[in-house]
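Commentary on secondary and tertiary structure
So the chains spell out like this:
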2 protein chains.
Amino acid sequence: MLVSQLLNPTLREVPAEAEVISHQLMLRAGLIRKSASGFYTYLPLGLKVLKKIEAIVREEMDAKGGQEVLMPIMQPAELWKESGRWDVYGAELFRLKDRHNREFCLGPTHEEIITDLVRGEIRSYKQLPMLLYQIQNKYRDERRPRFGLMRGREFVMKDLYSFDRDEAGLHESYQKMYDAYCRIFSRCGLTFRPVEADAGAIGGTGGTHEFMVLADSGENAVVHCSGCDYAANMEKSECRPQVIDDSSPEGKSKLVSTPGVKTIENLSEFLAVPKSATIKSLLYQGDDKIFLVLIRGDRTLNEIKLNNTLGGFVSLQLASSELVLQTLGCEPGYVGPVGAPDGLLVVADQEVPLMKRAACGANKPDHHYVDVVPGKDIRIDKVLDLRMVEPGEACLKCGAPLKEARGIEVGQVFKLGTKYSKALGANFLDENGVEKSCVMGCYGVGVSRTIAAAIEQNHDDNGIIWPMPIAPYHCIIVPTSNKDSLVVETAEKLYQELKHLRVEVILDDRDERAGVKFKDADLVGYPIRVTLGSKTLANGQVELKERKSGETYLVRVEDLSQEVKTRIEKALQC
Amino acid sequence: MLVSQLLNPTLREVPAEAEVISHQLMLRAGLIRKSASGFYTYLPLGLKVLKKIEAIVREEMDAKGGQEVLMPIMQPAELWKESGRWDVYGAELFRLKDRHNREFCLGPTHEEIITDLVRGEIRSYKQLPMLLYQIQNKYRDERRPRFGLMRGREFVMKDLYSFDRDEAGLHESYQKMYDAYCRIFSRCGLTFRPVEADAGAIGGTGGTHEFMVLADSGENAVVHCSGCDYAANMEKSECRPQVIDDSSPEGKSKLVSTPGVKTIENLSEFLAVPKSATIKSLLYQGDDKIFLVLIRGDRTLNEIKLNNTLGGFVSLQLASSELVLQTLGCEPGYVGPVGAPDGLLVVADQEVPLMKRAACGANKPDHHYVDVVPGKDIRIDKVLDLRMVEPGEACLKCGAPLKEARGIEVGQVFKLGTKYSKALGANFLDENGVEKSCVMGCYGVGVSRTIAAAIEQNHDDNGIIWPMPIAPYHCIIVPTSNKDSLVVETAEKLYQELKHLRVEVILDDRDERAGVKFKDADLVGYPIRVTLGSKTLANGQVELKERKSGETYLVRVEDLSQEVKTRIEKALQC
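Looking at an unreviewed UniProt entry, one finds chain A named Proline--tRNA ligase and attributed to Desulfosporosinus hippei DSM 8344. Quoted verbatim from the Subunit (unreviewed entry) heading of the UniProt record, the comment on chain A is "Homodimer." On record in UniProt, under Catalytic activity (unreviewed entry), the comment for chain A is "tRNA(Pro) + L-proline + ATP = L-prolyl-tRNA(Pro) + AMP + diphosphate".

Below, the structure written as structure tokens:
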């Protein structure tokens, strides 16, 4: 490919619309252009990267026995009504009507369509397991589409659905996909971690991992163990309760005056005790239920754990001031557990019962209790793991300290169970002729999102640093002069040589200054740059530069092509 | 691939929902399944064919300098309002709103999006020509979606858009695409014709060809010359006026009683004159204009020509009985041109003025005029080419007789001119610094439709007969026994050998009777079948069968793989 013949409009300025670095760089490097909020056109180089990731995904799905199909993007409402999702899926679902007023949606996912397909075709256990996948556009009407391909409204996903005879089969399919996903992101040249994740509202029989590309800018916090392979989304990570050493005898609770003290910070200062000696009391409303949540003052409540352990509310939030006043007779800053009304459910994080004495709110303005003994002075109805894990804590598996990292979710594997097969009647006859529901799993890779994640992880001030396997081209040749015929001719000769060696090479044949070419090459992020200057070439040499390390090497012209090929092959094998 | 591991549900019965043979066979051969009216899932073998056609299209586009991009399917209404199409595009456009109530449509075509993209990136004539294409889903809300992939509501197209500096550049781009399309359909192994076509309502600077896959079941009638390369859509084909030999002197028109005679057939019988001696008179309404159309009684009016030559009405139809009565004072069966009201435009096909005498309606029940002389007894305001060409007529180019054929439109190349670039302001500066509008062309291939067209052209009573280049697999191995270990082992050995030779081979390892396997192999339409039977194999031979010719050959086991490979390579080179 010649740069002069490529639609690759690079930009020097950072576009105002782009907040995150991957979005900025994709616009600046001429990989995408916006067509509407959340909708993008892939320009030639952007599409090349997309197709490289798609090809890797496809190979790994095929290797695990996945069969590729292609389902419609437009889906009839009838199927979504059968599964029960038409009414519960919120504003993120794009809905439309056809000319006959029949309702459709644009698929954010394809459980309904695939289950409808399979129920028509599967009869016997002999046909299972069946793994079907597609690579296709998905739609999600985000409230605030932004961050470019990181959170668009139209995006490319690979979604595979597994159909098994039983849980054991599902477990096997799940493991296959887990392994395939590890291979996919390794082959893309990305640093990633599979982390235990929250099954959330999708339901299913539990068991789900997210695949996180690690990057400081990642929107997800994850913890991983320094001693074993444990890693989890922070939202999901289980906690080991920590005991605070305190050998003094139990005290006797008493009410004290704490004028103006409304927060844990204030209380800790005012009483001159560590925050870990206080209890945070939070009144929550989950749908139409009200409950009091207790957690140590130095900890952060994990609302996702709270919601999951209490059974999954559609809406879960801190109670309003009015509700606090009505329930406990005070304003939110003074909420406490002592003398909680009989009917009010009191749930405590597992560290609370381990406290010997604690300070807490008194449901009375400007007063707190001190020397409260949980379990004695405070009624606790349920003890649960409700807090956010913290870096440095001991791993639950091996005891080594946990580390924190930021990640971008690019894949998820998920055990669905029989939710959809039961709703839609995707059944089979087992060995004994008994009708059973298929046990399903679903497995997604955000293909377009992976491009953005790769850039978040691999860039510097000058631009993108593509990992070799997903670079739009592996090598760019930059002649620094268009007048020196030796430079021009050698550039053309090396270009032909490399093409002949099947190297993905691009030649910057534009009539531009060398500086402009260098800037563009760095911005677009080709892994290898070959520079031809009049002086070095007079000595029979060209410069080879690695984008990642920034290192440069002088190479004899006659050795260049083989040297480039060898470096690429080495990088692709990693 | 092993048939036992493939989702390929074949059907013995013809599904009631399928009217056309390609739809029937795609369902029966397990290539597609319906998800909703006009929406289909491609099963693994169907998707394989789709991808093969896509790959051929992509190679030919790239070979002509096309750059692949990927545009959004969801398009903002604003752009369609800018081009003026939002209000005129009818019920076929799927429209929807997002959560913020902003309007979008699902792209039936991408002129707006690509022109919007290009106007942001093109500044100079040096950047032209630019050829951008994509392969993607398109949407059209057909009133009666049917015929499977032949007329779906969601379908795969390749659309390329060319941007040039002037008409000469457009002509060059157009010719490139014309050539590429010829290569595409040749490489797909299809018999096709590029035909001159009607530019219709899309407008543009004229010049358009349709690419027709020839098949008896085709919905388009085309004519092609037996002596030269002329071919045209019958709707478009120009006609040479034919003179009827008649040496008798002109008569004098007179009104005759013709009780009960309302049609040309009746009139011809009643008067005992050939239909070619009568004039058909038709009152038409085009938008708010009314006009009388005259054509020889033995000819068929071509409404498309009528509409184009009169300037392009949005709606063109025969006048209602009420309008006929109001305009001419009679009912439709008696309409005639003699004494047409002064204000009424009378247009005649070019053969009408060549008639020496004619019979025609008299605007009076049960009466006709005979011996009418056009031009003398009848006022003619405009003489136009208004009729449908007929097989056997002389070609306008070379005079050889024209032949008729039926075709399925699978591609169209189109000179758009500056319609969209002017509306959206896609301009560039020419060599003299003058701002000009890009001159555009658009070029579409119905990728999914080509699958259906290929089947309409290539099938027999037993199923599909794939042309080698687009067959899902080139060769199927059918062991006729699952008990004879020699048969089973040899089948496996040949399967491995062929895979090693990079032959696209599938092994029917199912525990089914040989008859079932043969029926499925024929139905799916693999070009080459290798059959292993106990008897022939005892002699060291297997049977090779060509799906297309039905011919069978006995081949020695050790020669089989090379023989298969040679046959495939030969077929792919054609």
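**Focus on the sheet that holds strand E20 (residues 382-384) of chain B**
Residue and element names in this part refer to chain B. Ordered in space as E16-E14-E15-E17-E20, the five strands form an open sheet in which the pairing is mixed. For this open sheet the edge positions go to strand E16 (316-318) and E20, each flanked by a neighbour on one side alone. Across the sheet, the mean angle from the axis of one strand to that of its neighbour is 30°, orientation sign disregarded. Pairing analysis gives eight bridges linking strand E14 (residues 279-286) to strand E15 (residues 289-296), with the strands arranged antiparallel. From the neighbouring strand, Gly286 faces E15, where its bridge partner is Lys289. Packing of helix H9 (residues 321-328) onto the sheet brings it into contact with E14 and E15, and relative to E14 it is tilted by some 110°.

**Topic: the interface of chain B and chain A**
With 51 residues of chain B at the contact, the number on the chain A side is 51 residues. Summing both partners gives a buried area of about 4200 Å² for chain B against chain A, and 61% of it is carried by carbon and sulfur. On the chain B side of the contact with chain A, B:Leu7, B:Leu70 and B:Arg99 bury the most area, a combined 16% of that side's loss. Applying the counting rule to chain B against chain A returns four salt bridges. A salt bridge links B:Glu121 to A:Arg33, with the shortest nitrogen-to-oxygen separation between them at 2.6 Å. A class-by-class count of the residues in the side of chain B that touches chain A yields 28 nonpolar, seven polar and 16 charged.

**Some points on the relation of the copies chain B and chain A**
Of the transformation superimposing chain B on chain A, the axial component is 0.1 Å and the angular component is 180°, with the fit at an RMSD of 0.2 Å. This pairing of chains is accounted for by a two-fold axis. Minimal C-alpha separation from the rotation axis in chain B is found for B:Leu96, amounting to 2.7 Å. Mapped onto chain A, 100% of the interface residues of chain B are again interface residues, and the two copies thus contact each other with one and the same surface.

**So, empty space enclosed by the protein**
Within this structure, the stated rule accounts for five cavities of 30 Å³ or more. Of the voids in this model, the largest cavity is the one considered here, and its volume is about 80 Å³. If you go around the largest cavity, the residues you meet are A:Leu70, A:Met71, A:Pro72, A:Gln136, B:Gly38, B:Phe39, B:Tyr40, B:Tyr42, B:Asn137, B:Glu154, B:Phe155 and B:Val156. Elements with a minimum of two residues in the lining of the largest cavity: strand E2 (39-42) and strand E8 (154-164) of chain B. Class assignment for the residues of the lining of the largest cavity results in eight nonpolar, three polar and one charged. By volume, the second largest cavity amounts to about 60 Å³. Considering the residues around the second largest cavity, the lining is formed by A:Tyr40, A:Tyr42, A:Asn137, A:Glu154, A:Phe155, A:Val156, B:Leu70, B:Met71, B:Pro72 and B:Gln136. The set of elements that each furnish at least two residues to the lining of the second largest cavity consists of strand E2 (39-42) and strand E8 (154-164) of chain A. The leading source of residues in the lining of the second largest cavity is E8(A), at three residues. Here the residues of the lining of the second largest cavity are counted per class, giving seven nonpolar, two polar and one charged.

Cut-offs used in this document
Residues numbered from 1 in each chain as written. Chains lettered and ligands numbered in written order. Predicted model: local features only at pLDDT ≥ 70, side-chain atom pairs only at ≥ 80, totals over all residues. Heavy atoms only, no water. UniProt positions renumbered as here; feature names shortened; annotations may be inferred. Pairing = 2+ DSSP bridges. Helix = DSSP H or I, 4+ residues; strand = E, 2+ residues; numbered from the N terminus. Axes fitted to C-alpha atoms, helices over the stretch in contact; angles between N-to-C directions. Contact = heavy atoms within 4.5 Å. Buried area = accessible area lost by both parts, 1.4 Å probe. Salt bridge = Lys/Arg side-chain N within 4 Å of Asp/Glu carboxyl O. Nonpolar A, V, L, I, M, F, W, Y, C, P; charged D, E, K, R; others polar. Least-squares fit on C-alpha atoms with pLDDT ≥ 70 in both. 1 Å grid on protein atoms, 1.4 Å probe; cavity = no way out; pocket = protein on both sides within 12 Å on 5 of 7 lines; lining within 4 Å. Points joined across faces, edges and corners; volume = space filled by probe spheres on them.

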